[in-house]
Protein chains: 4
Amino acid sequence: MQLGLVGLGKMGFNMRERLRAHGHEVLGYDPRPEVTDVASLADLAAGLTAPRVVWVMVPSGQITRDTIAELAQVLDAGDLVIDGGNSRFTEDRPHADLLGAAGIGFLDCGVSGGVWGLESGYGLMVGGGESDVARALPIFDSLRPEGERADGYVHAGPVGAGHFAKMVHNGIEYGLMQAYAEGYELLEAEDLVTDVHGVLRAWTKGTVVRSWLLELLVKALAEDPEFAEISGYTQDSGEGRWTVEEAINHAVPAPVISAALFARFASRQSDSPAMKAVSALRNQFGGHAVQRVSESG
Amino acid sequence: MQLGLVGLGKMGFNMRERLRAHGHEVLGYDPRPEVTDVASLADLAAGLTAPRVVWVMVPSGQITRDTIAELAQVLDAGDLVIDGGNSRFTEDRPHADLLGAAGIGFLDCGVSGGVWGLESGYGLMVGGGESDVARALPIFDSLRPEGERADGYVHAGPVGAGHFAKMVHNGIEYGLMQAYAEGYELLEAEDLVTDVHGVLRAWTKGTVVRSWLLELLVKALAEDPEFAEISGYTQDSGEGRWTVEEAINHAVPAPVISAALFARFASRQSDSPAMKAVSALRNQFGGHAVQRVSESG
Amino acid sequence: MQLGLVGLGKMGFNMRERLRAHGHEVLGYDPRPEVTDVASLADLAAGLTAPRVVWVMVPSGQITRDTIAELAQVLDAGDLVIDGGNSRFTEDRPHADLLGAAGIGFLDCGVSGGVWGLESGYGLMVGGGESDVARALPIFDSLRPEGERADGYVHAGPVGAGHFAKMVHNGIEYGLMQAYAEGYELLEAEDLVTDVHGVLRAWTKGTVVRSWLLELLVKALAEDPEFAEISGYTQDSGEGRWTVEEAINHAVPAPVISAALFARFASRQSDSPAMKAVSALRNQFGGHAVQRVSESG
Amino acid sequence: MQLGLVGLGKMGFNMRERLRAHGHEVLGYDPRPEVTDVASLADLAAGLTAPRVVWVMVPSGQITRDTIAELAQVLDAGDLVIDGGNSRFTEDRPHADLLGAAGIGFLDCGVSGGVWGLESGYGLMVGGGESDVARALPIFDSLRPEGERADGYVHAGPVGAGHFAKMVHNGIEYGLMQAYAEGYELLEAEDLVTDVHGVLRAWTKGTVVRSWLLELLVKALAEDPEFAEISGYTQDSGEGRWTVEEAINHAVPAPVISAALFARFASRQSDSPAMKAVSALRNQFGGHAVQRVSESG
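Residues numbered from 1 in each chain as written. Chains lettered and ligands numbered in written order. Predicted model: local features only at pLDDT ≥ 70, side-chain atom pairs only at ≥ 80, totals over all residues. Heavy atoms only, no water.

### Looking at the overall build of chain A
- Across its full length, chain A carries 12 helices and seven strands.
- Along the first, second and third principal axes, the C-alpha set of chain A runs to 75 × 45 × 40 Å.
- In chain A, which comprises 297 residues, the proportion classed as buried is 64%.
- Across chain A, the fraction of contacts at a sequence separation of at least 24, relative to all contacts at a separation of at least 6, is 65%.
- For chain A, the computed accessible surface area is about 9900 Å², with 51% contributed by carbon and sulfur atoms.
- Taking the average place of the 23 positive charges on the side chains of chain A and the average place of its 40 negative ones, the gap between the two points comes to 1 Å. (Helix = DSSP H or I, 4+ residues; strand = E, 2+ residues; numbered from the N terminus. Buried < 20%, exposed > 50% of the residue type's maximum accessible area, 1.4 Å probe, protein only. Contact = heavy atoms within 4.5 Å. Areas by Shrake-Rupley, 256 points an atom, 1.4 Å probe, with all protein chains shown as cover. Lys, Arg positive; Asp, Glu negative; His and termini not counted. Charge placed at Lys NZ, Arg CZ, Asp CG, Glu CD.)

### Regarding the interface of chain A and chain B
- Contacts between chain A and chain B engage 72 residues on the former and 72 residues on the latter.
- Here chain A meets chain B over a buried area of about 6000 Å², counting both sides, of which 70% is carbon and sulfur.
- The interface formed by chain A and chain B contains six salt bridges.
- R201 of chain A is the salt-bridge partner of E148 of chain B, the closest N and O atoms lying 3.0 Å from each other.
- Our enumeration of links across chain A and chain B arrives at 28 residue pairs in polar contact (both at pLDDT 80 or more).
- Of all the elements in the fold, those that place two or more residues in the side of chain A that touches chain B are β6 (123–127), β7 (153–157), α7 (161–189), α8 (196–202), α9 (212–223), α10 (239–249) and α11 (255–267) of chain A.
- When residues in the side of chain A that touches chain B are grouped by element, the largest group, 19 residues, is from α7 of chain A.
- A breakdown of the residues in the side of chain A that touches chain B according to their chemical character gives 40 nonpolar, 20 polar and 12 charged. (Buried area = accessible area lost by both parts, 1.4 Å probe. Salt bridge = Lys/Arg side-chain N within 4 Å of Asp/Glu carboxyl O. Polar contact = N/O pair within 3.5 Å; in protein donor to acceptor, adjacent residues only side chain to side chain. Nonpolar A, V, L, I, M, F, W, Y, C, P; charged D, E, K, R; others polar.)

### Looking at the relation of the copies chain A and chain C
- Rotating chain A by 180° and translating it 0.0 Å along the rotation axis places it on chain C, where the RMSD comes to 0.0 Å. Each copy turns onto its partner about a two-fold axis. When C-alpha positions in chain A are compared against the rotation axis, the closest is assigned to E245 of chain A, at 3.2 Å.
- A share of 100% of the interface residues of chain A reappears at the interface of chain C, consistent with the copies meeting face to face through the same patch. (Least-squares fit on C-alpha atoms with pLDDT ≥ 70 in both.)

### Quick word on the relation of the copies chain A and chain B
- Between chain A and chain B, the superposition needs a rotation of 180° and an axial shift of 0.0 Å, giving an RMSD of 0.0 Å.
- The overlap is high: 100% of the interface residues of chain A also sit at the interface in chain B, so the same surface is used on both sides.

### Here we look at the sheet that holds strand β2 (residues 25–29) of chain B
Residue and element names in this part refer to chain B.
- Reading across the sheet, the seven strands line up as β2-β1-β3-β4-β5-β6-β7 and stay open at both edges, with mixed pairing between neighbours. Each edge of the open sheet carries a strand with a single partner, namely β2 and β7 (153–157). In this sheet, neighbouring strand axes are inclined to one another by 25° on average, regardless of whether the strands run parallel or antiparallel.
- Sheet topology note: the strand β1 (residues 2–6)/strand β3 (residues 53–56) ladder contains three bridges and is parallel. Looking at β3, one finds that L5 is bridged to W55.
- Across the sheet, helix α6 (residues 130–143) touches β1, β3, β4 (80–83), β5 (105–112), β6 (123–127) and β7, and the angle it forms with β5 is around 30°.
- Taken strand by strand, helix α7 (residues 161–189) contacts β4, β5, β6 and β7, and its axis lies near 15° from that of β5. (Pairing = 2+ DSSP bridges. Axes fitted to C-alpha atoms, helices over the stretch in contact; angles between N-to-C directions.)

### Considering the packing of aromatic side chains
- Summed over all chains, the structure comprises 24 aromatic pairs over all chains.
- When the ring of W116 of chain C is compared with that of W212 of chain C, the centres are 5.9 Å apart and the planes differ by 90°; the resulting orientation is edge-to-face. Taken together, the residues span a long stretch of sequence, with W116 of chain C in the loop between β5 (105–112) and α5 (117–120) and W212 of chain C in helix α9 (residues 212–223) at a distance of 96 residues.
- What links up through ring pairs into an aromatic cluster is the set W55, F140 and Y153 of chain A.
- One Lys or Arg, R264 of chain B, reaches over the ring of Y174 of chain B and ends 3.6 Å from the middle of that ring.
- The positively charged end of R210 of chain D is found above the aromatic ring belonging to W212 of chain C, 4.2 Å away from the centroid. (Phe/Tyr/Trp six-rings, centres within 6.5 Å; stacked < 30°, edge-to-face > 60°. Lys NZ or Arg CZ within 6 Å of the ring centre and 35° of its normal.)

### Let's talk about the interface of chain A and chain C
- Listed per partner, the contact involves 20 residues of chain A and 20 residues of chain C.
- With both sides pooled, the region where chain A packs onto chain C buries about 1600 Å², and carbon together with sulfur makes up 74% of that total.
- Ranking the residues of chain A by area buried against chain C places I248, P253 and F262 of chain A at the top, with a combined share of 38%.
- If you look at where chain A meets chain C, you find zero salt bridges.
- Applying the counting criterion to the chain A and chain C interface returns two residue pairs in polar contact (both at pLDDT 80 or more).
- Listing elements by their share of the side of chain A that touches chain C, those giving two or more residues are α10 and α11 of chain A.
- Taken together, the residues that form the side of chain A that touches chain C break down as 14 nonpolar, three polar and three charged.

### What about the domain arrangement of chain A?
Residues and elements named next belong to chain A.
- On domain assignment, one finds that chain A holds domain 1 (2–157) and domain 2 (167–271).
- When each unit is reduced to the centre of its C-alpha atoms, the spacing between domain 1 and domain 2 is 30 Å.
- Each partner contributes to the interface: domain 1 provides nine residues, whereas domain 2 provides nine residues.
- At the junction of domain 1 and domain 2, the tally comes to two salt bridges.
- For E246, the salt bridge goes to R88, with nearest N and O atoms at 3.8 Å.
- Summed over the shared surface of domain 1 and domain 2, the number is three residue pairs in polar contact (both at pLDDT 80 or more). (Domains from an automatic or database assignment.)

### Topic: helix α9 (residues 212–223) of chain D
- When the terminal C-alpha atoms of α9 of chain D are compared, their 17 Å separation across 12 residues agrees well with the 16 Å that a helix rising 1.5 Å per residue should span.
- For α9 of chain D, the complete set of buried residues consists of W212, L213, L214, L216, L217, V218, A220 and L221 of chain D.
- Structurally, α9 of chain D contributes buried residues whose contacts are with α12 (273–286) of chain A together with α7 (161–189) and α8 (196–202) of chain D.
- Its side-chain oxygen at 3.4 Å from the backbone nitrogen of L213 of chain D, S211 of chain D defines the N-terminal cap of α9 of chain D. (Expected span 1.5 Å × (residues − 1).)

This is the structure:
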């Protein structure tokens, strides 16, 4: 089928490739002339046959909001917009309402798989109404991994459910990564274990902890043994924060996901104000020596 | 090759099956007459041609210690004992020394894969000397998953390294399970998500969080939707505790693995003394109502 | 000086007592006829001499918002409203703006001390402009503990700073209580310690952990040894959640405060969906027995 | 009464002062000539009138073990040894047995209060038999804070109970300090709060979080505003680790105390191997940029 695709970055660019390889007609828009198919969103709308389906794959937050607002202008009643980016699920209802006022449909779609999705397909979590979902199904079927539809795709619920599911997916991802990371650090710390890489690789088949993330960890270590070239400074992109906030909203205990999030925060501090306070307190009551700033490497 | 196998429980029984299917001659001993091949460890020794290889697959702790002590009696110099159970790695050196005094070799082997290993093969982590490892390699090759040896097997280091690696494997396992569990609970708590099972299943292909544990979670929910029949009371079998203790010994931060361990402890309390104290404190300073024991369901 | 006081619950009632004992003229309003001095907010306004100062001490959220909206109607330019309740600090700016549009000043004041404040005085954290603060200072001086002003009172910053400081105070409080509670539970678990109450009491003087909360814990145990009559079911009133959310907003690691919050969430679950999932997973891969719902106590 | 005191460091030196000020005859031994009263433990024994009481106040571990072994040689049946250092409680039974074989009594005594104990008195937690405790009571009464005995002293149980209680005390201390530290960091992070020091000081009277540690935090900030001169690198001295290990042994959830311990571990890492792994994983699946070592700092 025909699809408009807004945003041709790391994710959108690959998705255009995959969809075209599956025989879809994809018209892409991106502000960067070297990748775009059309010069503007208006041109994108003009280049598609109504009723149109337009997939938005741009950074979450203001850029997504602006893009959807502009699409509400250039599209027509009967068209359909899919937000495939990492928007917070609370943004979906307002977007659906804005577009709905112009008679335009809306779906939110969580997309997982990163740079590997081009080849392996993307895990998809969709929120929205049945008829809108049905209309976009050929696109979903081409983006998702081959095999049974239910193994890589879900219509999770009404508008917002797709991004909520993707948010939780990412929250879990934080926890999984931190669990492997703690184990990795402990293996490295123990002299008895002389082949840490070998241990991790041996876990990739047959064990309880085998997973795709573990395979990636093995691959990363093969490329950069001991992570000599990599800093522990680790960004977070929002979904982990939102997951903890939603856990709080629902009174759901989330000790593991929050610990993983806080470890990232701490990784970005050159020194910790909290630990300065702890160190100062130990000095106060116990006369314990503190490390002066000038001593710390 | 020929192998003596001590312990024919859930794990040992299946391993005998798998090894026999791969053409090995396995003589098994278990105190339960309905599964054993011989009547005693002495008979096991008598039934094997020296130099013998004997695999111990019994519960960790006293039973493993007793078994190895008895094997030190009934085996001869030149034989080899492999502890494939979930022994704490600190037990390995004493066992190696005890057997070594009688000229008997020792390997420790962490085995992962549970009841699925019969068919899929077991992930193996081995500790010990090169020549002992070489001697047992045909057994390891039959137990491990098919494919490249390094994807399901590792010689991790000297005596103790195998069980250390298995311990860390299980510690990671705790963290992974808790991460999925927190995410599952949050999905269940959100009304927007009308198909929680579908979401989890959709994650099994293409996504970043895909793993064998996730597939098992999908399977478990298919068998018992909403876990209506299952209690949250969750045992722990030692390795999680040891992992946190080793993390402490090595000054390795382990917030995720410890959080997963503590969640299990809490799951087994009918009421929490700590939370009684917190509730009593709130009442003291704020006049906040407490729930009386008689009110709590 | 003269003060209008809206809300005569556990906190407000005591504050009226304390202020009157310090010679202030307090006109109180509460919907409950048995405690109120006037019949309505309009009567309260009529009973005070302009320029008026009105202290709001009602539950945070909608009731505070409604109260301030109504005060914006019945008060006049030049009056001053102080929100002494546990409002989220993000509510303060809107309240200040609403009142400011009518020429009415606004201060936010975090108040700590609970039911003990009547006698010991209340810790006060104030946000707002200098001149407004100066005007209310006689009230603050009577409410705060005796002694140096700076030991129980602070002008923390502009509008919002008072409630922000109170929020953090309460987040810390969660962490402190949980730390004592974990220690208490561990003392109770160890057979060697035959006098747990005695240990806690012995900590109240001379030790590093001495504090008012510890004294309350000793008092609570004296009243109900072993907390036989108290359930671990523990409410949270919002500030702990907000503290964690603000920590997330500022990328400040808050592992202790969040752990304390999650322990409260868990204390209110009759069974944990997350731990059901963990238990089901253990059963899946290891054939470990699960506890059936019918078995659990 | 007469007391031998072994170890005249920060703690022992002050204790000798305090005991002498209370009229006791204290004979001190320390390897440093400038502080010791006698030249050797043998001289110490010779200088005391039997039956002797000797208080050991030396670093825990090997030095304490060596000291007690030597005391078992130089003392006589009927004498009494008190270990007032921070020994792990598991050391106490062996020490009691070693001394007991020579007819010498043993008490373990946890001592809290740090450098402030000289003036304010020390919180004391004692383990051992009734008659031994009774014999040393005049010493305990002089070391503990003035006032009611039970407010700064406890006979917690048999041998080991004193050090167990002290261990838990220190575990709680870790949690308390971390709770204040997290709150402090959050206050510093929020622009609205323009007087962080003032907020902390205002909490020292009237509030729920008032404590001695809070007063020390205020004092520390007065001495070094913003902790400009102090590094966050924070040592731990064992008791926190033991507390978490005992929590694990007793299956007591200890999320707060363990989080505080792990924060100290993390504070001492120049970079985190675990976070390198997480960062590498993000790069692998998402193509997210990592910070190269060369870019950091």
